[in-house]
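# Survey of secondary and tertiary structure
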Amino acid sequence: MKEEGNELVKSKQYKSAIVKYNCVWLFLKEIIEGKQSTLTSAQKKEAKELQSTTFLNIAICHHFENDFSKAADCALKAINLKTSIKGYYRLGLALKMLK
């Protein structure tokens, strides 16, 4: 699903890409937090990193849609899952546009 979202972004279908990325996030959330989760700690870390990447992708889609508040919110969610320069960059872009 993430790759489908990436293809939608390439074709500038940002709203559809957000839907795909949200599906990825929800799927991963259930796998990580589900009561019957059998993931190892390393697998959970990898899944959370993918969730972070997903939020970064959602953030840039919101940015392209000129919804900078949602872009900032998603960038923060990504940073909370995994600190990254890209996360802070996307957050900074969104906050700059909100001024």
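Okay, so let's go over this structure. This one's a predicted model, so the numbers in the text were calculated from it and none came from an experiment.

The next subject is the overall build of the chain. Helix and strand counts for the chain come out as 5 helices and 0 strands. Against the 2.2 N^0.38 benchmark of 13 Å for 99 residues, the chain shows a C-alpha radius of gyration of 14 Å, consistent with a compact globule. For the C-alpha atoms alone, the extent of the chain along its principal axes is close to 45 × 25 × 20 Å. Relative to its full complement of 99 residues, the chain shows a buried share of 37%. Look at the contacts in the chain between residues 6 or more apart in sequence, and 45% of them connect residues 24 or more apart. If you sum the accessible surface of the chain, you get close to 6,500 Å²; carbon and sulfur atoms cover 55% of it. Of the charged side chains in the chain, 17 are positive and 10 negative, and the gap between their average positions amounts to 5 Å.

What follows deals with the nonpolar core. By size, the foremost hydrophobic cluster in this structure holds 19 residues, and its most contacted members are V9, A17, Y21, I58 and C61. Elements that contribute at least two residues to this core include exactly helix 1 (2-10), helix 2 (14-33), helix 3 (41-64), helix 4 (68-81) and helix 5 (85-98). It is helix 4 that provides the largest number of residues to this core, a total of 6 residues. Ignoring anything within four residues of it in the chain, the contact list for A17 reads G5, L8, V9 and C61.

For the coordinates displayed, the defined rule picks out 4 salt bridges. Residue K20 pairs with E4 through a salt bridge whose shortest N-O separation is 2.8 Å. Here K20, found in helix 2, pairs with E4, found in helix 1; they are 16 residues apart in sequence, far enough to count as distant. One salt bridge connects E7 with K10, and the closest N-O pair in it is separated by 3.4 Å.

A word on the packing of aromatic side chains. Overall, the coordinates contain 2 aromatic pairs when judged by the stated rule. Where Y14 meets F64, the ring centres are 4.9 Å apart and the plane angle is 35 degrees; that geometry is what we call tilted. Separated by 50 residues along the polypeptide, Y14 in helix 2 and F64 in helix 3 bring together distant segments of the chain. Judged by its relative accessible area of 11%, Y14 falls in the buried class. The class for F64 is partly exposed, based on a relative accessible area of 43%.

Tracing the chain through its elements places Q51 in helix 3. What makes Q51 buried here is its relative accessible area of 5%. Once you skip the residues sitting within four places of it in the chain, Q51 turns out to touch W25, L28, K29, I32 and L81.

Conventions we followed
Residues numbered from 1 in each chain as written. Predicted model: local features only at pLDDT ≥ 70, side-chain atom pairs only at ≥ 80, totals over all residues. Heavy atoms only, no water. Helix = DSSP H or I, 4+ residues; strand = E, 2+ residues; numbered from the N terminus. Rg over C-alpha atoms; globule rule 2.2 N^0.38 Å. Buried < 20%, exposed > 50% of the residue type's maximum accessible area, 1.4 Å probe, protein only. Contact = heavy atoms within 4.5 Å. Areas by Shrake-Rupley, 256 points an atom, 1.4 Å probe, with all protein chains shown as cover. Lys, Arg positive; Asp, Glu negative; His and termini not counted. Charge placed at Lys NZ, Arg CZ, Asp CG, Glu CD. Core = buried A, V, L, I, M, F, W, Y, C linked by side-chain atoms within 4.5 Å. Salt bridge = Lys/Arg side-chain N within 4 Å of Asp/Glu carboxyl O. Phe/Tyr/Trp six-rings, centres within 6.5 Å; stacked < 30°, edge-to-face > 60°.

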